Structure formats: C-alpha cells, structure tokens
Amino acid sequence: MPKEQLNTSETNSGQGLLWLFGAILSIQGFGSAITEAGWNTSFGVAGLLRAAHVPEWGTLLVGCAGAALLATAARRRYTKSRAGRRP
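Every chain's residues receive numbers from 1 upward, in the order its sequence appears when written. Restriction of local features to residues with pLDDT of at least 70 applies here, the model being predicted, together with a cutoff of 80 or more for giving and counting side-chain atom pairs; totals for whole chains, interfaces and linings are based on all residues. Remark: hydrogens and water are excluded; side-chain values derive from all non-hydrogen atoms of the structure.

Participant: Help me out: how do you make sense of the overall build of the chain in this one?
Facilitator: Working definition: helices are DSSP H or I runs of at least four residues, strands are E runs of at least two. Numbering for both runs from the N terminus. From N to C terminus, the chain includes three helices and zero strands. In sequence order, the secondary structure elements of the chain are arranged as α-α-α. Buried means the residue's accessible area, taken with a 1.4 Å probe over protein chains only, is under 20% of the maximum for its type, while exposed means over 50%, and partly exposed covers the values in between. Taken across its 87 residues, the chain has 21% of its residues classed as buried. Contact between two residues is taken to exist if any of their heavy atoms lie within 4.5 Å; hydrogens are not considered. Nonlocal contacts in the chain, meaning residues at least 24 apart in sequence, comprise 64% of its contacts between residues at least 6 apart. With an accessible surface of roughly 6400 Å², the chain has 65% of that area assigned to carbon and sulfur atoms. Methods summary: accessible areas were calculated by the Shrake-Rupley approach with a probe of 1.4 Å, and residue burial reflects only the protein chains presented.

Structural data, given as structure tokens:
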C-alpha cells in the first residue's frame, strides 16, 4: 500500500471521529439541557454533571463543545475539498 493512501485513510478516520464526537456531545449537551429545563429530569450528561455539582449551564457548555467539534470537522472537509480542486 503506497504511503499516500495510508495517510488518506488515517485522515478519514480522524475526520470521522471528529464528526462522531461532535454529534454525540451536541446531542447530549443540548438535549440534556432542554430536557432538564422542560421536564426537570436529568439524564445522560446532565445527570452526571448534577452528581458532580456542576452548575446548570454546564450542559450547554458540553453542547457548545460538540458544536465546535462539528464546525472544525466541517471546516476541514471544506478546505480538503478546495485543495483537491486545485490544478
């Protein structure tokens, strides 16, 4: 296997992990915050953070971290596709 293909494979794997962790953190963070605000029920990340005595805005911080990871993954994909179009 040529070295160039190996690097591409490793990059795609890392890119996929960025998307995955970004989605998980966004859903858990924002979903937990909405559920706790609407139904006064803690689950997932919110439940763990409440047990650790973290303020209520901690779940929103987790959601924002997930959104930042998703934005990073999208930016990397955009720059990679732009670099592939250059002659």
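Still more ground to cover, so stick around.
Participant: Whenever I open this one, the environment of threonine 59 confuses me. Can you help?
Facilitator: With respect to the helices and strands, threonine 59 occurs in helix 3 (residues 58–85). For threonine 59, a relative accessible area of 1% gives the class buried. Threonine 59 sits eleven residues away from leucine 48 along the chain, and the two C-alpha atoms are 9.8 Å apart. Counting of polar contacts relies on pairs of N or O atoms within 3.5 Å, with two restrictions inside protein: one atom must be capable of donating a hydrogen and the other of accepting it, and residues adjacent in sequence are counted only when both atoms are side-chain atoms. A polar atom in the side chain of threonine 59 sits 3.2 Å from the backbone oxygen of glutamate 56.

Participant: How should the pattern of salt bridges be read in this particular structure?
Facilitator: Once their charged atoms are close, side chains differing in charge can pair, the charge on each being opposite to the other. A carboxyl oxygen of Asp or Glu within 4 Å of a side-chain nitrogen of Lys or Arg is what we treat as a salt bridge. One pass over the full model with this rule turns up one salt bridge. Notably, a salt bridge pairs glutamate 36 with arginine 50, separated by 2.8 Å at the nearest N-O pair. Placement of glutamate 36 in helix 1 (residues 3–39) and of arginine 50 in helix 2 (residues 44–51) is noted, with a sequence separation of 14 residues between them.

Participant: Explanation requested: helix 2 in the structure shown.
Facilitator: Where helix 2 is concerned, the buried positions are Val45, Ala46 and Leu49. In an axial view of helix 2, the angular spread of the buried residues amounts to 100°, which keeps them on one side of the axis. Every exposed residue of helix 2 that faces more than 90 degrees away from the buried side is listed here: Leu48 and Ala51. One or two residues past the end of helix 2 sits histidine 53, with phi positive at roughly 65°. Note that the arc is defined by the directions from the helix axis to the C-beta atoms.

Participant: How should I be thinking about the side chain of glutamine 15 in this particular structure?
Facilitator: Here glutamine 15 shows up in helix 1. Here alanine 73 takes part through its backbone oxygen, which lies 2.6 Å from a polar atom of the side chain of glutamine 15. Those residues in contact with glutamine 15 that lie beyond four places of it in its chain are Ala73, Arg76 and Arg77.

Participant: Would you mind showing me how to read the UniProt feature "transmembrane region" (unreviewed entry) in the chain here?
Facilitator: Mapped onto this numbering, the UniProt entry annotates "transmembrane region" (unreviewed entry) at residues 16–34 and 54–74. The distance separating the terminal C-alpha atoms of residues 16–34 is 27 Å; by composition the span is 100% helix and 0% strand. In this annotation, residues 54–74 is assigned 81% helix and 0% strand; the end-to-end C-alpha distance for the span is 30 Å. UniProt positions are given in the numbering used here, feature names are shortened, and annotations may be inferred rather than shown by experiment.

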